[in-house]
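Architecture at a glance
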Amino acid sequence: HPSPDELWEDVRSHYAITSNLLVQFDRDDIDQSPLLAEVLDARPSADAGNGGGTDGLRYARLPGTHVTPNWVGVAQRRRRGADVPGFDPSVTNVHDPLRNHGVLVDSVVSYIDYVT
């Protein structure tokens, strides 16, 4: 597994995608989006004037936490009425994470529509 520094260097050196959606969640205390944007901007393609770097970077600030994207399986199973092992709705406010997940899905779909 790469170290965090190796990962950032790999993104800077090898990540070639020029259109990106950077999603930040309003209750994510470990968010590294500003650093990711900086690393994307430092890529060689950022200086080439060919749409690299952050030219194709779009931002979305959404309700949720660092684990909001992980709710996809829970959301699908709960909508079908299935039990989710280890999930206790009396302890977890099920409506908030599922609603946040829906906002995330809508944002990603909107971004895909925008770039295609």
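Here we summarise the structure given alongside this text. (Residues numbered from 1 in each chain as written. Predicted model: local features only at pLDDT ≥ 70, side-chain atom pairs only at ≥ 80, totals over all residues. Heavy atoms only, no water.)

**Thoughts on the packing of helix 1 (residues 4-14) against helix 2 (residues 33-41)**
Selection rule: Between N-to-C directions, angles cover 0 to 180 degrees, with each direction set by a line fitted to C-alpha atoms, over the stretch in contact for helices. Where helices and strands are cited, they refer to DSSP runs of H or I of at least four residues and of E of at least two residues respectively, numbered from the N terminus. Each angle receives one of four descriptions, namely roughly parallel if under 35 degrees, roughly antiparallel if over 145, roughly perpendicular if within 65 to 115, and oblique otherwise. In this analysis, two residues are considered to be in contact whenever any of their non-hydrogen atoms come within 4.5 Å of each other.
Their axes nearest at 8 Å, the elements helix 1 and helix 2 cross at an angle of 40°. As summarised for this structure, helix 1 and helix 2 are arranged oblique, according to the angle between their axes. Side by side, helix 1 and helix 2 meet where Trp8, Val11 and Arg12 of the first sit next to Leu35, Leu36, Val39 and Leu40 of the second.

**Things to note about the packing of aromatic side chains**
To be explicit about the condition: Note on ring pairs: Phe, Tyr and Trp rings are taken, using the six-membered ring of Trp, and paired if centres are within 6.5 Å. Classes follow the plane angle, with under 30 degrees stacked, over 60 edge-to-face and the rest tilted. A ring is considered to have a charge above it if a Lys NZ or an Arg CZ atom is located within 6 Å of its centre and within 35 degrees of its normal.
Summed over all chains, the structure comprises 0 aromatic pairs. Over the aromatic face of Tyr114 sits the side chain of Arg58, whose NZ or CZ is 3.9 Å from the ring centroid.

**What about the environment of Glu38?**
Among the structural elements, Glu38 can be located in helix 2. Spatially, the C-alpha atoms of Glu38 and Arg12 are 9.4 Å apart, while their sequence positions differ by 26 residues.

**Considering the layout of surface pockets**
Operational definition: Throughout, the protein atoms alone are placed on a 1 Å grid, and a set of points is a cavity if a 1.4 Å probe fits but cannot get out or a pocket if it is open with protein on both sides within 12 Å along at least five of seven lines; lining residues have an atom within 4 Å of a point. Grid points are joined across faces, edges and corners, and a volume is the space filled by probe spheres set on the points. In the scheme used here, Gly and all other residues not listed as nonpolar or charged are polar, with Ala, Val, Leu, Ile, Met, Phe, Trp, Tyr, Cys and Pro taken as nonpolar and Asp, Glu, Lys and Arg as charged.
Volume-wise, the largest pocket comes out at about 200 Å³. For the largest pocket, the lining is made up of 13 residues, of which Asp31, Gln32, Ser33, Leu36 and His66 are closest to its centre. Contributing elements (two or more residues each) for the lining of the largest pocket: helix 1, strand 1 (19-25) and helix 2. The element that contributes the greatest number of residues to the lining of the largest pocket is helix 1, accounting for 3 residues. For the lining of the largest pocket, the residue count by class is 8 nonpolar, 3 polar and 2 charged.

**What to know about the pattern of salt bridges**
Selection rule: The salt bridge criterion pairs a side-chain nitrogen of Lys or Arg with a carboxyl oxygen of Asp or Glu, the two atoms within 4 Å. Partly exposed residues are those whose accessible area sits between 20% and 50% of the maximum for their type, while under 20% is buried and over 50% is exposed, using a 1.4 Å probe and protein chains only.
Tallied over the full model, the rule gives 1 salt bridge. Glu9 is the partner of Arg12 in a salt bridge, and the nearest nitrogen-oxygen pair spans 2.9 Å. In this pair, Arg12 and Glu9 both sit in helix 1, 3 residues apart, roughly one turn of the helix. In this structure Arg12 comes out as partly exposed when scored by relative accessible area, which is 26%.

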